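If you want the building blocks of each chain, they are given just below.
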Amino acid sequence: MSIAVFGSINIDLTTYAKRLPAPGETLHGDTYGLGLGGKGCNQAVACVKLGAQTAMIGRIGPDMFGETALKALNELNVPTDHIYSDPDNKTGIAVIGVDEKAENCITVIGGANMAIDESDVVRSQAVFKASDILLLQLEIPMQAGLKAAALVREAGGRVIFDPAPAPAEGLADAVLSQIDIITPNETETGLLTGLRPSNRAEAAEAATRLRARGVPVAIIKLGAHGVYFQSATEEGFVEPFKVEAIDTVAAGDCFNGGLAYALADGQSLSDAVRFAAACGALSTTKRGASSAAPTLAEVTAMLNA
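This section reports on the structure supplied with the text. None of these values were measured; they are calculated from a predicted model. (Residues numbered from 1 in each chain as written. Predicted model: local features only at pLDDT ≥ 70, side-chain atom pairs only at ≥ 80, totals over all residues. Heavy atoms only, no water.)

Within the secondary structure, Thr-14 sits in strand β2 (residues 10-16). Under the relative-accessibility criterion, Thr-14 is labelled buried at 8%. Filtering out sequence-adjacent residues up to four positions away, Thr-14 remains in contact with Thr-31, Tyr-32, Gly-33, Ile-96 and Val-98. (Helix = DSSP H or I, 4+ residues; strand = E, 2+ residues; numbered from the N terminus. Buried < 20%, exposed > 50% of the residue type's maximum accessible area, 1.4 Å probe, protein only. Contact = heavy atoms within 4.5 Å.)

The following block contains the structure:
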């Protein structure tokens, strides 16, 4: 299997406190961590830790955070051959607040991630053409992502799109028709469809709306309430795995990494969604972003429990 991840690379500053501060309020927190993040980077690490042949395509800046990111990626065995050092932009960062219920709020400053353009696609076109699965997110410019998607699909691969952070104005049908699988959470689903789902029936309606606009497969992530999926030939619901969650920051990214791994491995859609849900659930039992991604052995043990 071969998976390409075209997306953001950040350094995350994560703070932990009993609750998240209100506007204008200062709180004493419990602890903090500085680590590797960015939705693209998290998804790449998730794929590598599961054992998939993975290529990460992205940008960093010529600064301390960029050096830190490269060092961390190398330590995690994520290939860095297709990560470009942008002389004109800083490495992306994210400031993350996490409360005692494992809920979070995030401010992202894209930096070099938002300077990604068609030149990055050209530089790595051989990788895109050779990939079974491409993972995309919205922490890099959409136009560049769609150029990469076209290369992957023309070569017979599939594109999994995590529409995060979802734009307030939604996404055009022309974008949805250029991907194969979309994986929004409740908030993103609300922005894209006008319906924020809280149960299986509402998720089914939202998925139907998304598919009517051109995307073949819609997977609606309902967090602790489970996952709904729908295609032209099947639909279903994966009940949530019971875990003691301490940090949900990486859940969505580990879900997508797990989904890519399982589909590239030849699993059916229903089995792949269940595998991905286990990846997402396990990630919430650890703190951090990339560092929270589970191994294949951990996922297998959960699925067989």
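Let's pick the thread back up.
With that out of the way, let us pick up the packing of aromatic side chains. Using the criterion set out here, one finds two aromatic pairs in the structure. A centroid spacing of 5.5 Å and a plane angle of 20° characterise the contact between Tyr-261 and Phe-275, whose relative ring orientation is stacked. Of this pair, Tyr-261 sits in helix α9 (residues 251-264) while Phe-275 is found in helix α10 (residues 269-283), placing the two residues 14 residues apart along the sequence. The pair formed by Tyr-261 and Phe-275 is uniform in burial state, with each residue classed as buried. (Phe/Tyr/Trp six-rings, centres within 6.5 Å; stacked < 30°, edge-to-face > 60°.)

Across soluble globular proteins, you tend to see nonpolar side chains buried next to one another. Core analysis: the biggest nonpolar cluster contains 51 residues, and Ile-3, Leu-36, Ile-160, Ile-219, Phe-255, Leu-259 and Val-273 have the highest contact counts within it. Broken down by element, the residue count for this core peaks at ten residues, all from α10. Setting aside residues no more than four positions away along its own chain, Phe-255 makes contact with Thr-183, Ile-219, Lys-221, Val-227, Val-273, Ala-276, Ala-277 and Gly-280. Ranked by size, the runner-up nonpolar core spans 36 residues in total, among them Ile-116, Ala-144, Leu-146 and Leu-192. (Core = buried A, V, L, I, M, F, W, Y, C linked by side-chain atoms within 4.5 Å.)

A word on helix α8 (residues 200-212). Taking 1.5 Å per residue as the helical rise, α8 with its 13 residues ought to reach 18 Å, and the 18 Å between its terminal C-alpha atoms agrees with that figure. All of the buried residues in α8 are Ala-203, Ala-204, Ala-206, Ala-207 and Leu-210. Buried residues of α8, seen end-on, are gathered within an arc of 165° and therefore sit on one face of the element. Residues Ala-201 and Ala-212 are exposed on α8 and point more than 90 degrees away from its buried face. Packed against the buried residues of α8 are α6 (173-176), β10 (181-182), α7 (186-193), β11 (217-221) and β12 (227-230). (Expected span 1.5 Å × (residues − 1). Arc of directions from axis to C-beta.)

Treat this as a map of the structure, not an account of what it does.
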